[in-house]
Amino acid sequence: MALLSIVENVRYWILAGVICAFLIGSIGDITSTILILVLIIQMSLSMDGLVLRKKDISDNSKGIIWSAVFCFVICSGSALLMGLLFKGAYPEIWNGWVMLASVPCAVSVITFALYLKGDMVLSVLATTVIYFMALVITPVMTMVFAGDAISPLQILKYVVLFIVVPLAMTYPLKYLHLNRPRKVIGINIMMFLMVLLSVGFNRDYFFTEPVVVLYIAIACVFRTFVVSIILMHVLKRANVNRERSFVYIGMSVWKNSGLASTLCIMLLADTPEAVLPCVISLLIETIWFGAMGGYFEKKWPAELGPNDPKPLSKA
């Protein structure tokens, strides 16, 4: 059981991926090809179980709209705001921030909602709708903020590949009846490979420009830790439903950094440093998820149901 808990913990896989990336470095031009396969497999496993039911959508329409706002306005806005700090001196890195801002939320926002007893129906529905919205929003946003640096048609092609194909793959996957441990371990293996390839692709930059890497990491900490803490207090003071609030908080922080990293490596290969905001964000988001769960539960605990065990009173 102890071994199972380790292999199901994505933090260990990401740490192993970073270590191996620094030891191995880049594997060359084949990186983008392998990343395509890795991301499709990971997205397919992550999306397994996502469904859209007409009644559920109508019942949660306002929550879905708000989730999209938090994803593409708050989360994308904070990424673009951080990117502006680099735009003048490092225009290539700005393009990486644009890519990060343009992609949809991570599918892991569902895990975040589950962990914090959020609204699971809304989380699944909103994530699915947001991915369909990304087919339009991602190419348009990159065109608006990156101009000719990134071809919107190329973006559209890859967004279709990485969203529509995995969604289609969920239909045959359901017949495999994959249990949760197998699915989680499969996703974690793909995450390990993604970190290994993405960080290794840019390993030299970590050593030659450590100050820039540090600045990007600080910017990522702001858009995850700081934004989520502020947002939690704002939503709580506004008396927004707690279960929905933790769906919105996840949407406001957790981007699909793996997708953004892959797109940068494929479409901005001439400026490899563009992938840095996406890769570092991937690492910081994972740390945020692991570190902030306890804080959120303490500051905004879920109300106990009638069948939940009551906490022990102090003597």
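Residues numbered from 1 in each chain as written. Predicted model: local features only at pLDDT ≥ 70, side-chain atom pairs only at ≥ 80, totals over all residues. Heavy atoms only, no water.

### What about the overall build of the protein?
Here is step 1: Along the backbone of the protein there are 15 helices and zero strands.
Here is step 2: A burial count over the protein gives 51% of its 315 residues as buried.
Here is step 3: Long-range contacts, defined as pairs at least 24 residues apart, comprise 86% of the intrachain contacts of the protein with a sequence gap of at least 6.
Here is step 4: Working note: accessible area of the protein is about 15,100 Å², and carbon and sulfur atoms make up 68% of it.
Here is step 5: Counting 23 positive and 17 negative side-chain charges, the protein places the averaged centre of each group 11 Å from the other. (Helix = DSSP H or I, 4+ residues; strand = E, 2+ residues; numbered from the N terminus. Buried < 20%, exposed > 50% of the residue type's maximum accessible area, 1.4 Å probe, protein only. Contact = heavy atoms within 4.5 Å. Areas by Shrake-Rupley, 256 points an atom, 1.4 Å probe, with all protein chains shown as cover. Lys, Arg positive; Asp, Glu negative; His and termini not counted. Charge placed at Lys NZ, Arg CZ, Asp CG, Glu CD.)

### Thoughts on helix α6 (residues 91-102)
Here is step 1: Taking 1.5 Å per residue, 12 residues should reach 16 Å; α6 reaches 17 Å between its end C-alpha atoms and fits that length.
Here is step 2: Among the 12 residues of α6, 10 are classified as buried, and the element is accordingly described as predominantly covered.
Here is step 3: For α6, the complete set of buried residues consists of Ile 93, Trp 94, Asn 95, Gly 96, Trp 97, Val 98, Met 99, Leu 100, Ala 101 and Ser 102. (Expected span 1.5 Å × (residues − 1).)

### A closer look at a nonpolar patch on the surface
Here is step 1: Among the surface-exposed residues, Leu 15, Ile 19, Leu 23, Ile 24, Ile 27 and Ile 30 lie close enough to one another that they form a single nonpolar patch of about 590 Å² accessible area.
Here is step 2: Per-element tally for the nonpolar patch: the top contributor is helix α2 (residues 10-24), with four residues.
Here is step 3: Along the chain, Ile 27 turns up in the loop between α2 and α3 (30-47). (Patch = residues over 30% accessible without salt bridge, like charges linked within 9 Å, V, L, I, M, F, W, Y side chains within 5 Å. Salt bridge = Lys/Arg side-chain N within 4 Å of Asp/Glu carboxyl O.)

### A few points about the side chain of Arg 242
Here is step 1: Tracing the sequence through the fold places Arg 242 in helix α13 (residues 242-253).
Here is step 2: One buried charge, Arg 242, has no salt-bridge partner; the nearest side chain with opposite charge is Glu 243, at 4.6 Å.
Here is step 3: Non-local contacts of Arg 242, meaning those with residues more than four positions away in its chain, are made with Leu 116, Lys 117, Trp 300, Pro 301 and Ala 302.

### Notes on the confidence of the model for the protein
Low pLDDT marks stretches whose predicted atomic positions should not be read closely.
Here is step 1: Per-residue pLDDT for the protein averages 88, and the proportion of residues at 70 or more is 95%.
Here is step 2: Low pLDDT (under 50) marks residues 306-315, which in the prediction has five contacts with non-local residues, meaning those over four places away or in another chain. (pLDDT = per-residue confidence, 0-100.)

### Section: the layout of surface pockets
Here is step 1: In this structure, the largest pocket occupies an estimated 1,200 Å³ of space.
Here is step 2: Along its surface, the largest pocket is lined by 40 residues, and Ser 108, Thr 111, Arg 180, Val 184 and Ile 187 are the ones closest to its centre.
Here is step 3: Top contributing element to the lining of the largest pocket by residue count: helix α10 (residues 180-201), with seven residues.
Here is step 4: Residues that form the lining of the largest pocket fall into these classes: 19 nonpolar, 14 polar and seven charged.
Here is step 5: Quantified by volume, the second largest pocket comes out at close to 260 Å³.
Here is step 6: Surrounding the second largest pocket, 13 residues form its lining, Leu 50, Val 51, Leu 167, Thr 170 and Tyr 171 being those nearest its centre.
Here is step 7: Going through the elements one at a time, α8 (120-146) and α9 (152-173) are the ones with two or more residues in the lining of the second largest pocket.
Here is step 8: Among the elements that make up the lining of the second largest pocket, the one with the highest residue count is α9 (four residues).
Here is step 9: Residue classes in the lining of the second largest pocket are distributed as eight nonpolar, three polar and two charged. (1 Å grid on protein atoms, 1.4 Å probe; cavity = no way out; pocket = protein on both sides within 12 Å on 5 of 7 lines; lining within 4 Å. Points joined across faces, edges and corners; volume = space filled by probe spheres on them. Nonpolar A, V, L, I, M, F, W, Y, C, P; charged D, E, K, R; others polar.)

### Observations concerning the packing of helix α5 (residues 61-87) against α13
Here is step 1: Viewed as axis vectors pointing N to C, α5 and α13 meet at an angle of 30°, and their least axial separation amounts to 7 Å. The pairing of α5 with α13 is recorded here as roughly parallel in orientation. In the crossing of α5 with α13, the sense of the turn from one axis to the other is right-handed. On α13, the residues that touch Lys 62, Gly 63, Trp 66, Ser 67, Phe 70, Cys 71, Ile 74 and Cys 75 of α5 are Arg 244, Val 247, Tyr 248, Met 251, Ser 252 and Val 253.
Here is step 2: Counted by class, the contact of α5 with α13 contains nine nonpolar, three polar and two charged residues. (Axes fitted to C-alpha atoms, helices over the stretch in contact; angles between N-to-C directions. Parallel < 35°, antiparallel > 145°, perpendicular 65-115°, else oblique. Left-handed = near helix turned anticlockwise from the far one by under 90°.)

### Some words on helix α14 (residues 257-267)
Here is step 1: Within α14, 10 of the 11 residues are buried, which leaves the element mostly enclosed by the surrounding structure.
Here is step 2: Those residues of α14 lying buried are Ser 257, Gly 258, Leu 259, Ala 260, Ser 261, Thr 262, Leu 263, Cys 264, Ile 265 and Met 266.
Here is step 3: On its buried face, α14 is in contact with α3, α6, α9, α10 and α15 (276-299).

### Details of the side chain of Ser 44
Here is step 1: Relative to the assigned elements, Ser 44 resides in helix α3.
Here is step 2: Discounting residues that sit within four places of it in the chain, Ser 44 has contacts with Pro 166, Met 169, Thr 170 and Leu 173.

### Section: unusual backbone geometry
When glycine is set aside, most residues are seen to have a negative phi, and most peptide bonds are trans.
Here is step 1: The backbone of Lys 117 sits at a positive phi, close to 60°, despite the residue not being glycine.
Here is step 2: We note that Asn 239 has phi near 60°; this positive angle belongs to a residue other than glycine.

### Some remarks on the packing of aromatic side chains
Here is step 1: A full pass over the atoms with the stated rule returns 18 aromatic pairs.
Here is step 2: Judged by centre distance (5.5 Å) and plane angle (90°), the ring pair of Phe 22 and Phe 206 falls under edge-to-face. One end of the pair, Phe 22, is in helix α2; the other, Phe 206, is in helix α11 (residues 203-208), and 184 residues separate them in sequence.
Here is step 3: Phe 206 gets classed as buried once you look at its relative accessible area, which sits at 14%.
Here is step 4: Three or more aromatic residues joined by ring pairs make a cluster, and in this case those are Phe 112, Tyr 115, Phe 246, Trp 254, Trp 288, Phe 289, Tyr 295, Phe 296 and Trp 300. (Phe/Tyr/Trp six-rings, centres within 6.5 Å; stacked < 30°, edge-to-face > 60°.)

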